[in-house]
Number of protein chains: 2
Amino acid sequence: MIKYHEALETISKHPLSPKTGLLSLEEINGHVLNEDVYADRDFPPFDRVTMDGISINYESYKNGQRRFEIENTIGAGMPQASLEDTSKCMQIMTGAMLPLNADTVIRYEDITIEEDIATINIDTIKFQQNVHFKGEDKKQGAIVLSKGTVLGAPEMIIAASIGRPNLEVLLPPKAAIITTGDELVGIDETPLDHEIRRSSNYGVQDLLKIWNINAKQHHLKDDKELMKSELSSIIETVDLLVLTGGVSRGKFDFLPEVLEELGVVKHFHKVKQRPGKPFWFGTTPNGTTVFALPGNPVSTFACANIYIRHWLELSLGIQTSPIYVKLNQDIEFMPPLTYFLECSVESNERGELEATPIRGHGSGDFANMSQANGFIILPSDKNKFKKGEVYPYLFYRKI
Amino acid sequence: MIKYHEALETISKHPLSPKTGLLSLEEINGHVLNEDVYADRDFPPFDRVTMDGISINYESYKNGQRRFEIENTIGAGMPQASLEDTSKCMQIMTGAMLPLNADTVIRYEDITIEEDIATINIDTIKFQQNVHFKGEDKKQGAIVLSKGTVLGAPEMIIAASIGRPNLEVLLPPKAAIITTGDELVGIDETPLDHEIRRSSNYGVQDLLKIWNINAKQHHLKDDKELMKSELSSIIETVDLLVLTGGVSRGKFDFLPEVLEELGVVKHFHKVKQRPGKPFWFGTTPNGTTVFALPGNPVSTFACANIYIRHWLELSLGIQTSPIYVKLNQDIEFMPPLTYFLECSVESNERGELEATPIRGHGSGDFANMSQANGFIILPSDKNKFKKGEVYPYLFYRKI
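Just so you know, these numbers come straight off a predicted model, no measurement behind them.

Let's talk about the overall build of chain A
Point 1. Counting its secondary structure elements, chain A contains seven helices and 29 strands.
Point 2. Over its C-alpha atoms chain A spans a radius of gyration of 31 Å, topping by over 25% the 21 Å that the globule rule assigns to 399 residues.
Point 3. With the C-alpha coordinates of chain A rotated into their principal frame, the extents come out at 95 × 50 × 40 Å.
Point 4. In chain A, once contacts between residues fewer than 6 apart in sequence are set aside, the share between residues at least 24 apart is 69%.
Point 5. Taking the average location of the 41 positive side-chain charges in chain A and that of its 54 negative ones, the two points are 8 Å from each other.

Topic: the packing of helix α1 (residues 4–12) of chain A against helix α7 (residues 297–315) of chain A
Residue and element names in this part refer to chain A.
Point 1. Packing of α1 against α7 brings their axes to within 10 Å, and their N-to-C directions diverge by 35 degrees. Note on packing geometry: the crossing formed by α1 with α7 is right-handed. In contact with Tyr4, Ala7, Leu8, Ile11 and Ser12 of α1, α7 contributes Ile306, Tyr307, His310, Trp311 and Leu314.
Point 2. A class-by-class count of the residues in the contact of α1 with α7 yields eight nonpolar, two polar and no charged.

Concerning the packing of helix α4 (residues 200–208) of chain B against helix α7 (residues 297–315) of chain B
All names here are of chain B.
Point 1. For the pair α4 and α7, the least separation of the axes is 9 Å and the interaxial angle reads 25 degrees. Put simply, α4 runs roughly parallel to α7. Relative to α7, α4 is oriented so that their crossing is right-handed. Residues Ser200, Gly203, Val204, Leu207 and Leu208 of α4 pack against Pro297, Thr300, Phe301, Ala304, Asn305, Ile308, Arg309 and Leu312 of α7.
Point 2. Taken together, the residues that form the contact of α4 with α7 break down as eight nonpolar, four polar and one charged.

Description of the sheet that holds strand β19 (residues 265–269) of chain B
Residue and element names in this part refer to chain B.
Point 1. With respect to topology, six strands assemble into an open sheet ordered β17-β14-β18-β22-β21-β19, the strand pairing being mixed. Looking at strand neighbours, the two that pair on one side only are β17 (216–220) and β19, the edges of this open sheet. Going from strand to strand, the sheet's axes swing by 20 degrees on average, the running direction of each strand aside.
Point 2. Sheet strands in contact with helix α1 (residues 4–12) are β19, β21 (280–283) and β22 (289–293), and its direction is about 160 degrees off that of β19.
Point 3. Strands in contact with α4 are β14 (175–180), β17 and β18 (240–244); relative to β14, the strand with the most contacts, it is inclined by about 165 degrees.

Details of unusual backbone geometry
Point 1. With an omega of -5 degrees, the peptide bond running from Phe43(A) to Pro44(A) counts as cis.
Point 2. Between Arg274(B) and Pro275(B) the backbone carries a cis peptide bond, its omega angle lying at -5 degrees.
Point 3. Summarising the element assignment, Pro275(B) is placed in the loop between β20 (273–274) and β21.
Point 4. Positive phi, normally seen in glycine, also occurs at Lys270(A), with a value near 85 degrees.
Point 5. Mapping Lys270(A) onto the fold places it in the loop between β19 (265–269) and β20 (273–274).

Notes on the interface of chain A and chain B
Point 1. At the interface, 99 residues of chain A touch 99 residues of chain B.
Point 2. Carbon and sulfur atoms supply 60% of the area that chain A and chain B bury against each other, a total of about 8000 Å² over both sides.
Point 3. Among the residues chain A hides against chain B, the three largest losses belong to Ile157(A), His194(A) and Arg249(A). Together they make up 8% of the total.
Point 4. Remark: the boundary between chain A and chain B carries four salt bridges.
Point 5. In this structure, Glu155(A) and Arg397(B) form a salt bridge, with 2.5 Å as the shortest nitrogen-oxygen distance.

A word on the domain arrangement of chain A
Point 1. Each domain of chain A was delimited in the assignment, giving domain 1 (4–18 + 172–315), domain 2 (21–43 + 137–170), domain 3 (48–132) and domain 4 (324–395).
Point 2. Placing the centre of domain 1 of chain A and that of domain 3 of chain A at their C-alpha centroids yields a distance of 67 Å.

Topic: the pattern of salt bridges
Residue and element names in this part refer to chain A.
Point 1. If you walk through the whole model with that rule in mind, you get 30 salt bridges over all chains.
Point 2. Of the charged contacts, one joins Lys88 and Glu69 as a salt bridge, the two residues approaching to 3.9 Å between their closest N and O atoms. Of this pair, Lys88 sits in strand β7 (residues 88–92) while Glu69 is found in strand β6 (residues 67–74), placing the two residues 19 residues apart along the sequence.
Point 3. For Lys88, a relative accessible area of 22% puts it in the partly exposed group.
Point 4. The partly exposed category is assigned to Glu69, whose relative accessible area is 39%.
Point 5. Each member of the salt-bridge network shares a partner with another, and the members are Lys224, Lys228, Glu257 and Glu261.

What to know about the pairing of strand β14 (residues 175–180) of chain A
All names here are of chain A.
Point 1. Counting buried positions along β14 gives six out of six residues, so the element sits mostly inside the fold.
Point 2. By the alternation rule, side chains of β14 split into Ala175, Ile177 and Thr179 and Ala176, Ile178 and Thr180, which are all buried.
Point 3. The pairing of β14 with strand β18 (residues 240–244) spans five bridges and is classified as parallel. The residue of β18 that forms the bridge with Ala175 is Leu240.

Examining the UniProt feature "domain: MoaB/Mog" (unreviewed entry) in chain A
Point 1. In this numbering, the UniProt entry assigns the feature "domain: MoaB/Mog" (unreviewed entry) to residues 176–314 of chain A.
Point 2. Helix makes up 33% of residues 176–314 of chain A and strand 25%, and the two end C-alpha atoms of the span are 19 Å apart.

Examining the sheet that holds strand β10 (residues 117–120) of chain B
Note on sheets: strands pair through backbone hydrogen bonds, and any given pair is parallel or antiparallel.
Residues and elements named next belong to chain B.
Point 1. One open sheet holds the six strands; their spatial order is β8-β5-β7-β6-β10-β9, and the pairing between them is mixed. Among the strands making up the open sheet, the edge pair consists of β8 (104–107) and β9 (111–114). With strand direction ignored, the average angle separating the axes of adjacent strands in the sheet is 35 degrees.
Point 2. Direction of pairing for strand β6 (residues 67–74) relative to strand β7 (residues 88–92): parallel, over a ladder of five bridges. Bridge pairing links Ile74 to Ile92 in β7.

Considering the side chain of Gln205(B)
Point 1. Here Gln205(B) is to be found in helix α4.
Point 2. In contact with Gln205(B), other than residues within four places in its own chain, are Glu26(A), Ile177(B), Ala215(B) and Gln217(B).

Quick notes on the relation of the copies chain A and chain B
Point 1. With an axial shift of 0.0 Å and an RMSD of 0.1 Å, the rotation relating chain A to chain B amounts to 180 degrees. What we have between these two chains is a two-fold relation. Of every C-alpha in chain A, the one belonging to Glu352(A) sits nearest the axis of rotation, 2.0 Å from it.

Quick look at helix α3 (residues 153–161) of chain B
Point 1. Buried residues dominate α3(B), accounting for nine of its nine residues.
Point 2. Taken together, the buried positions of α3(B) are occupied by Ala153(B), Pro154(B), Glu155(B), Met156(B), Ile157(B), Ile158(B), Ala159(B), Ala160(B) and Ser161(B).
Point 3. Those residues of α3(B) that are buried lie in contact with β16 (196–197), α4 (200–208) and α7 of chain A together with β12 (143–145) and β13 (166–170) of chain B.
Point 4. At the C-terminal side of α3(B), Gly163(B) shows a positive phi close to 75 degrees.

Topic: the environment of Ser380(A)
Point 1. With respect to the element layout, Ser380(A) can be found in the loop between β27 (374–378) and β28 (384–385).
Point 2. For Ser380(A), a relative accessible area of 22% gives the class partly exposed.

Let's talk about the environment of Ile234(A)
Residue and element names in this part refer to chain A.
Point 1. Structurally, Ile234 is set in helix α5 (residues 224–235).
Point 2. When its relative accessible area of 9% is taken as the criterion, Ile234 is described as buried.
Point 3. Placed 16 residues apart in sequence, Ile234 and His218 show a C-alpha to C-alpha distance of 9.2 Å.
Point 4. Those residues in contact with Ile234 that sit more than four places away from it in its chain are Ala176, Ile178, His218 and Leu241.

Here we look at the packing of aromatic side chains
All names here are of chain A.
Point 1. In this structure the tally under the stated criterion is 32 aromatic pairs over all chains.
Point 2. Arranged with centres 4.9 Å apart and planes meeting at 65 degrees, the rings of Phe301 and Tyr396 form a pair that is edge-to-face. Residue Phe301 is found in helix α7, and its partner Tyr396 is found in the segment after β29 (390–395); the two are separated by 95 residues along the sequence.
Point 3. With relative accessibility at 2%, the residue Phe301 sits in the buried group.
Point 4. Aromatic side chains Phe333 and Tyr339 sit 3.8 Å apart centroid to centroid with 10 degrees between the ring planes, which places their arrangement in the stacked category. With respect to class, Phe333 is no different from Tyr339; both count as buried.
Point 5. Through successive ring pairs, a cluster of aromatic residues spans Tyr4, Phe268, Phe279, Phe281, Phe291, Tyr307, Trp311 and Phe340.
Point 6. Just above the ring of Tyr61 sits the side chain of Arg66; from NZ or CZ to the centre is 3.8 Å.

Here is what the cut-offs are and how they apply
Residues numbered from 1 in each chain as written. Chains lettered and ligands numbered in written order. Predicted model: local features only at pLDDT ≥ 70, side-chain atom pairs only at ≥ 80, totals over all residues. Heavy atoms only, no water. Helix = DSSP H or I, 4+ residues; strand = E, 2+ residues; numbered from the N terminus. Rg over C-alpha atoms; globule rule 2.2 N^0.38 Å. Contact = heavy atoms within 4.5 Å. Lys, Arg positive; Asp, Glu negative; His and termini not counted. Charge placed at Lys NZ, Arg CZ, Asp CG, Glu CD. Axes fitted to C-alpha atoms, helices over the stretch in contact; angles between N-to-C directions. Left-handed = near helix turned anticlockwise from the far one by under 90°. Nonpolar A, V, L, I, M, F, W, Y, C, P; charged D, E, K, R; others polar. Parallel < 35°, antiparallel > 145°, perpendicular 65-115°, else oblique. Pairing = 2+ DSSP bridges. Buried area = accessible area lost by both parts, 1.4 Å probe. Salt bridge = Lys/Arg side-chain N within 4 Å of Asp/Glu carboxyl O. Domains from an automatic or database assignment. Buried < 20%, exposed > 50% of the residue type's maximum accessible area, 1.4 Å probe, protein only. UniProt positions renumbered as here; feature names shortened; annotations may be inferred. Least-squares fit on C-alpha atoms with pLDDT ≥ 70 in both. Phe/Tyr/Trp six-rings, centres within 6.5 Å; stacked < 30°, edge-to-face > 60°. Lys NZ or Arg CZ within 6 Å of the ring centre and 35° of its normal.

Rendered as structure tokens:
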């Protein structure tokens, strides 16, 4: 039985080698960019007016001129105009190109217009004000998005602005989720007294969607030969295989044996943690990674959030910083195990993330999962965790 | 011109009345539950064994018995067995029903089995240990999910476990996003010197997906009559209309006028904020809500994140607590405006959320949006914001 950190380290040694592909802007959310993306021209691409008003040549203003005849009116989307007579001005709109020979924009709020004459009413006009100059943000050819960026709304805006309807990204792994256990019936079935419905798989399936993974679902009966033959065909078709149940010490827990018979190399079985102690991890020579998780919903969900997330982030090169939260009450936990405790974490007015533990009745109790938003990770080398102490946290729900 | 808080309050007076519908488990993520959901039976539904080992009658152990003949082996998914002779035991697996007359489970780690005799090796066995008793978490008929819950992985697990393949939810509004501005060309086109590509719409579109809103996209030219006729047909078909551009004081900013001519009641135009001052908000008598946002990408994205999010959360009854973050440097901002400043917020080892401002070159500078993960909201009644002070924050990207 290994420790939590050893399990993470072992998993880190077996990353996926993701495939790459081009995806359209509408599809890229949550994917990892696999190219550096460059500005196709300067940003802004021209001296861009940022206020509605008039554009002038500052020299005239500096020399004391306050009344300017309006030569023309220029809107956004019009070709660049030219202020031929620098004692005149042009009306100009936000988003327009600054006219040639003009260098400064004065907003409507600071002028009066009467019969084509604009009068400037204030004496605090600054040279080049209200103009966002060409190339001020980015020069043509500069990197605007770096390889490895997780793509979201800001990146869609940037990619659109430089005319990239498609981006090269890391493609998510092909995955399958397999539930095992003869006590499990389908969600549409009525369970007998000794049966329960399959549910753990839905938590894993939903988690994997963060990385745009659409996992196929299967269920296997606790029959060793059947299990072996069905698993053998599924395992060849996926990069990531998540199994639930069948990994503890029970007489019908064939899974570790079957996996090894199918050539999956075991890297560990059992981790000093609660929930999720019987967690089994292995890989095939062909590159399939197998997470065989304990079957009860809280164990499955905790292990998936902690270990599969870690593996995917590492495999996809996603840089994440740990999140730390402050306990708002004392917790005592005696077993020498890393304790993944569900909490409700909220922000407080001191700018801290404050964790309220939601303690259930062990790993089979999942009715409380809806009140919590993640797991605090309490280390195995302590038994008493005091109010005000700070520990790492994994959100499974957005705050 | 109104203040930020007044704008929020005005928007709060015009919530959407969402429609309701049944969605399948695979579709519910991010939706708001519109029913209380009850346990169909007790949870756990039977006295559920939580360890692999043997089940005994505690009375025998208490009386000093340590060796138990194994009568039978019971797995998860088998009907309930009965321990007829309480001086014997049954092997029992995690997830199985506790046999009648048994009340306590001892794990394999604490026993030795030889020739059908299990010997208990420790003296610290507790009555009823390793059993998760029927109804301990929830009683049949108890609420397991409350109306108003935002649905995610934990709720999918719970709904599956009680046999609810469909749930009644609030349906997202029908929405359209319309860009305006003659300077804008499509993402696939090559802009002329004075033109730029449409991009703001992608940020809004992506944001709306949080609430499962698939907004239709349109573009209108700065031609008043054309704008009016096209808008008039679009506006009737949606609950939420987001417009970008055409709302400042420019000579070609027809939008406020056109909207009012089409019967949209203006509730405000212009807010004391940066970016996004020209923001216009109105509603139609038929119930369409119109957010006409300034067109540059940072303004559009800030206003959408702040105001449309507020309107949607309010309309859908989503309870959110504000998030507070601590500035890690001084900021000065002189205009008497609420300042939405992009920041990169990370968790630190004191359990605080720490904000590093990412200052660009004004609202037209969106190349930096990818470095930030949200907007800090700095109030208009101050000019100096000191390192260590705490202000509200809106994440547009997950930490």
